[in-house]
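Chain and residue survey
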Amino acid sequence: MPGDVRDGATLAAAVHGCTTVVSAMHGFVGSGRPSPESIDRDANLALIDSAASAGVRHMVLVSVADAAAEHPMSLHRAKYAAEQALVASSLGWTIVRPTAFLETWIGVIGGKIAESRRALVLGPGRNPINFVSAHDVAAVVDLAVREPTLRRQIVDVAGPENLGFSAIAERLIAATGRPGRTAHIPLPMLRAMSVLARPISPSFARQAQAAVLMNTADMAVSGSGIRDLFPGVPATTLDGLLSRSGSGRAEAGADRTDGDGGRSS
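Attention in this report is confined to the structure presented alongside it. (Residues numbered from 1 in each chain as written. Predicted model: local features only at pLDDT ≥ 70, side-chain atom pairs only at ≥ 80, totals over all residues. Heavy atoms only, no water.)

Side note on the sheet that holds strand E1 (residues 20-23)
If you trace the four strands from one edge of the open sheet to the other, you get E1-E2-E3-E7, paired in parallel fashion. Every interior strand has two partners, whereas the edge strands, E1 and strand E7 (153-157), have only one. Taken pair by pair, the neighbouring strands of this sheet meet at an average axis angle of 15°, ignoring direction. Pairing between E1 and strand E2 (residues 58-62): four bridges, direction parallel. Among the inter-strand pairings, Ser-23 is bridged to a residue of E2, identified as Leu-61. (Pairing = 2+ DSSP bridges. Helix = DSSP H or I, 4+ residues; strand = E, 2+ residues; numbered from the N terminus. Axes fitted to C-alpha atoms, helices over the stretch in contact; angles between N-to-C directions.)

Okay, structure coming up:
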C-alpha cells in the first residue's frame, strides 16, 4: 500500500496484521524535500513504535555502512539513531548495513551518456569505494526475514569490487560500444556546492557532500562478509549488472525513494 511514512495513520495501517516489517525507506534524495532527519530517523522511529503497538515480532532495518552518531553525513547519523531505537525496542530485529548502492551511482555517473556521450565524475574519482548492488542487498534482506540466526544481528553487506568513480565511468562508456568522454567536477567545487546548495537543493547538497567523502575517505572493503556464512548470497559485479540490464547502463534509482518517503510491509 502506498503512503507517506511521515504520517502515523499510514504507518499503523501498513503494519496492521504483520508479523515482520522491513524498512528500506530513506530521505537522502527525492522530490518533496525529504531529509534523513525526517525519513531515516523520525519516520523509522515512528514505524518502530507502530510495529511494537501492532504486535509485530521482527523488524528488518536497512541502514548504511558505518552508521554512527558522529558521522559527517546526516544520513549515517539518522540511520544510527533508528538502529539504536530498534535495538532498544521490544521488537526482534535485524539491521542490514550495505555499502554504497551501485545502481544509484551508475545513475549519477552515467545518466547522460545516452544523450551526450559523456559520463560525469564527481571529484578526481580515483579513490577505491566498495559498491554493492541492490539485488544483493535484497537477497540479504530476504534471508534476514527467514533466517533465525540473523535475529539480533547487525549484518554488513559489501559488494565484490572496490571501484573509483573514474573506473565506473570508463566501464559505462565501454559498455555502450561507442566513443565517449568523462567530465570531472573538481573537489573544491564539490565542497562549495555541498554548502551553498543547501538552501536551494538540500538533496543535491547531500550528494555533493557524499561525493567529497567518497573521494577522500577509506571506503574500500576486503573479504566477503555475509557470504562466508551464506554462500548463496549473490555478489553482483558492475559488468554483471550492465550485462543483466541489457543496455549501456543499468537502471538507476534502485536506492531512491519518492518524496513521500518509502514503504513498510
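Here's the deal with the nonpolar core
With 33 residues, the main nonpolar core has Trp-105, Phe-131, Phe-165, Ile-168, Leu-190 and Met-214 as its most contacted residues. Every element with two or more residues in this core is listed here: helix H4 (102-110), strand E5 (118-122), strand E6 (129-132), helix H7 (165-176), helix H8 (187-196), helix H9 (202-216) and helix H11 (238-245). Filtering out sequence-adjacent residues up to four positions away, Phe-165 remains in contact with Trp-105, Ile-109, Val-121, Leu-122, Gly-125, Ile-129, Phe-131, Ala-211, Met-214 and Asn-215. In terms of nonpolar packing, the next biggest core, distinct from the first, is built from 19 residues, Leu-11, Ile-48, Leu-91 and Trp-93 among them. (Core = buried A, V, L, I, M, F, W, Y, C linked by side-chain atoms within 4.5 Å. Buried < 20%, exposed > 50% of the residue type's maximum accessible area, 1.4 Å probe, protein only. Contact = heavy atoms within 4.5 Å.)

Remarks on the sheet that holds strand E4 (residues 100-101)
Strand order in this open sheet of three strands is E4-E6-E8, and the pairing throughout is mixed. Each edge of the open sheet carries a strand with a single partner, namely E4 and strand E8 (161-163). In terms of strand pairing, E4 meets E6 through two bridges, oriented parallel. Each bridged residue has a counterpart across the sheet, and for Phe-101 the counterpart in E6 is Val-132.

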